[in-house]
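Take a look at the letters that make up each chain.
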Amino acid sequence: MPLWEKRLLVALAIYAAAIGCYLWSPYGVLIVLVPLVLGMILGAAARLPNWWPVGWAALPAGAFLLYGLLSWLAILGIGFLPAPIMIAVPAAGYALVSWLASPGFAWPKVGAGVLAIATIVPVFLNA
């Protein structure tokens, strides 16, 4: 199985776990912690490269993406973020970090990194 398929399957499993935690868990913190642990376990099981640092970096990357997305929504005057998009943030953070930490394709990764950093620009515009 190609590496991108493994990363996609792990990200989809993280999204499914986040949906399950959102629907059936009384604790909101599980939406973050369960996908983080599941990403590490499945990343190791799928033998993804750099699964340990990717698993730890997925949480701050997801928070970074969520904070940037909420800042853009504030600038655009949209007051809320739909739940399916907010729940997808841990999976998106894992997918982004996993792709950036994998070997090969240097220039697209630089572009994705710049795009991820550009999501935080509205924070400085609102300050």
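Conventions used here
Within each chain, residue numbers correspond to sequence positions counted from 1 in written order. A pLDDT threshold of at least 70 governs which residues receive local features in this predicted model, and a stricter bar of 80 or more applies before side-chain atom pairs are shown or counted, although totals over entire chains, interfaces and linings include all residues. Computation of side-chain values covers all heavy atoms of the structure but excludes hydrogens and water. Strands here are runs of E lasting at least two residues and helices are runs of H or I lasting at least four, both read from the DSSP assignment and numbered beginning at the N terminus. Atoms considered for the radius of gyration are the C-alpha atoms alone. The globule rule reads 2.2 Å times the number of residues to the power 0.38. The contact criterion used throughout is that any non-hydrogen atoms of two residues lie within 4.5 Å. Working definition of accessibility: Shrake-Rupley area with a 1.4 Å probe, residue cover restricted to the visible protein chains. Residues grouped as a nonpolar core are buried Ala, Val, Leu, Ile, Met, Phe, Trp, Tyr and Cys residues, joined through side-chain atoms within 4.5 Å. Only protein chains enter the accessibility calculation, which uses a 1.4 Å probe; a residue is then buried when its area is under 20% of its type maximum, exposed when over 50%, and partly exposed in between. Axis definition: a line fitted to C-alpha atoms, over the contacting stretch in the case of helices. Angles run 0 to 180 degrees between N-to-C directions. In these notes the angle categories are as follows: under 35 degrees is roughly parallel, over 145 is roughly antiparallel, 65 to 115 is roughly perpendicular, and the rest is oblique. Handedness of each helix crossing follows the sense of rotation of the near helix against the far helix: counterclockwise by less than a right angle gives left-handed, clockwise gives right-handed. Residue polarity is assigned by list, with Asp, Glu, Lys and Arg as charged and Ala, Val, Leu, Ile, Met, Phe, Trp, Tyr, Cys and Pro as nonpolar; anything else, Gly included, falls into the polar class.

*Asks:* Looking at this structure, how should I read the overall build of the chain?
*Replies:* In terms of regular secondary structure, the chain is built from seven helices and zero strands. For the chain, whose C-alpha radius of gyration is 15 Å, the value lies close to the compact-globule estimate of 14 Å for 127 residues. With the C-alpha coordinates of the chain rotated into their principal frame, the extents come out at 45 × 40 × 20 Å. A separation of at least 24 residues holds for 68% of the contacts in the chain among residues at least 6 apart in sequence. Carbon and sulfur atoms make up 79% of the accessible area of the chain, which amounts to about 7600 Å² in all.

*Asks:* Can you help me understand the nonpolar core in this one?
*Replies:* The tendency in soluble globular proteins is for nonpolar side chains to be buried as a group. If you look at the biggest cluster of nonpolar residues, it comprises ten residues: Val10, Ile14, Ala46, Leu48, Val54, Ala58, Ala61, Ala91, Tyr94 and Val97. Residues contacting isoleucine 14, with those up to four places away along its chain left out, are Pro35, Leu38, Gly39, Pro90, Ala91 and Tyr94.

*Asks:* Is there a simple way to explain the packing of helix H1 (residues 3–24) against helix H5 (residues 89–101) in this structure?
*Replies:* Think of two packed helices as two axes; the pair is described by the angle between the axes and how far apart they sit. Viewed as axis vectors pointing N to C, H1 and H5 meet at an angle of 160°, and their least axial separation amounts to 8 Å. Of the possible angle classes, the one that applies to H1 and H5 is roughly antiparallel. H1 and H5 meet at a crossing whose hand is right-handed. Packed against H1, whose contacting residues are Arg7, Val10, Ala11, Ile14 and Tyr15, the element H5 presents Pro90, Ala91, Tyr94, Ala95, Ser98 and Trp99 at the interface. When its residues are assigned to classes, the contact of H1 with H5 shows nine nonpolar, one polar and one charged.

*Asks:* I tried to follow unusual backbone geometry on my own but got confused; where do I start?
*Replies:* What is expected of a backbone is that most residues other than glycine have negative phi and most peptide bonds are trans. A positive phi angle, near 55°, is found at arginine 47, a position not held by glycine. Mapping arginine 47 onto the fold places it in the loop between helix H2 (30–45) and helix H3 (51–76). The phi dihedral of asparagine 50 falls on the positive side, at around 55°, and the residue is not glycine. One can find asparagine 50 in the loop between H2 and H3. According to the relative accessible area criterion, asparagine 50 is partly exposed, its value standing at 42%.

Without other data, these values stay purely geometric and don't point to any function.
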